[in-house]
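Residue-level structural notes
Okay, here's what each chain looks like letter by letter:
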Amino acid sequence: MDVRTKLIVFLLVAFSVTSFAQIKIGDAIPSIELQSSKDVKININEFKGKFVLIDFWASWCGPCRVGNKKLVQMHKDLDSSKIEIIGISIDTDATKWKKAIEKDKINFLQLIDPKEFDAIAVVTFGVEELPSKFLFDSEGKLIMKNPTDQEIINLINK
């Protein structure tokens, strides 16, 4: 094969793998097991029966830390029997991650996938920027990517 053909084949394969890996509206919440801040393995697909909001963030991400404050307040305000909020950090340093959780006073479930943008959860969800949010319905189907706080509140309080 010439260089041009190899390049085209490479790009087609890369595009196919990337588009396959990214979760789409209507897809089921994937089965991914991650370590919690309390050193327990948790599978993110265990929370069917209520809405699940997954928030990708990192301790070094300024907008994420601002978003954490809003999520902490939302967690206080919303009925926990209707929604589970799960933070997934892509920090490579668990100590910095845990300090950020403490400083931001986060009391909802926190998980870590410590390979930054190469992390399995990041690739599966197709996360390209932080923060990124994914909202699943009570049946575990993705219904919104990056919903606003108000969209989440309106949906939960219906």
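The rules behind these values
Residues numbered from 1 in each chain as written. Predicted model: local features only at pLDDT ≥ 70, side-chain atom pairs only at ≥ 80, totals over all residues. Heavy atoms only, no water. UniProt positions renumbered as here; feature names shortened; annotations may be inferred. Pairing = 2+ DSSP bridges. Helix = DSSP H or I, 4+ residues; strand = E, 2+ residues; numbered from the N terminus. Axes fitted to C-alpha atoms, helices over the stretch in contact; angles between N-to-C directions. Contact = heavy atoms within 4.5 Å. Buried < 20%, exposed > 50% of the residue type's maximum accessible area, 1.4 Å probe, protein only. Salt bridge = Lys/Arg side-chain N within 4 Å of Asp/Glu carboxyl O.

For the protein, an unreviewed UniProt entry supplies the name TlpA family protein disulfide reductase and the organism Flavobacterium flabelliforme. Of the protein, the UniProt comment under Subcellular location (unreviewed entry) reads exactly: "Cell envelope".

Topic: the sheet that holds strand β5 (residues 109–112)
Pairing is mixed in the open sheet, where seven strands are placed in the order β2-β1-β5-β4-β3-β6-β7. Across the chains shown, the open sheet's two edge strands, defined by having one partner strand only, are β2 (41–43) and β7 (142–145). The mean angle between the axes of side-by-side strands here comes to 35°, regardless of whether they run parallel or antiparallel. On the sheet, helix α2 (residues 62–77) packs against β3 (51–57), β4 (83–89) and β6 (132–136) and is oriented at approximately 160° with respect to β3. Sheet strands touched by helix α3 (residues 94–103): β1 (33–36), β3, β4 and β5. Its angle to β5, the strand with the most contacts, is close to 165°.

Side note on the pairing of β6
The element β6 is extensively covered by neighbouring structure, given that five of its five residues are classed as buried. Of the two faces of β6, the one lined by Ser 132, Phe 134 and Phe 136 and the one lined by Lys 133 and Leu 135 are each fully buried. Here five bridges tie β3 to β6, and the two strands are oriented antiparallel to one another. Among the inter-strand pairings, Ile 54 is bridged to a residue of β6, identified as Phe 134. Of the pairings in the sheet, the one linking β6 to β7 comprises three bridges and is antiparallel in character. Each residue of the ladder has a partner; that of Phe 136, found in β7, is Leu 142. In textbook terms, the turn of a hairpin is the stretch between consecutive antiparallel strands, and for β6 and β7 this stretch comprises five residues, one of which, Gly 140, has a positive phi near 85°.

Focus on the environment of Leu 109
With respect to the helices and strands, the residue Leu 109 is situated in strand β5. Distance from Leu 109 to Glu 84, taken between C-alpha atoms, is 8.1 Å for residues 25 residues apart in sequence. In contact with Leu 109, not counting residues within four places along its chain, are Ser 36, Ile 42, Phe 47, Glu 84, Ile 85, Ile 86 and Gly 87.

Observations regarding the pattern of salt bridges
Counted according to the given criterion, the structure contains four salt bridges. Across the pair Asp 55 and Lys 133 runs a salt bridge whose closest N-O atoms are separated by 3.9 Å. Linking Asp 55 in strand β3 with Lys 133 in strand β6, this pair joins segments that are 78 residues apart in sequence. Since its relative accessible area comes to 3%, Asp 55 is described here as buried. Measuring nitrogen to oxygen at the nearest pair gives 2.6 Å for the salt bridge that ties Asp 104 to Arg 65. Of the two residues, Asp 104 sits in the loop between α3 and β5 while Arg 65 sits in helix α2, which places them 39 residues apart along the sequence.

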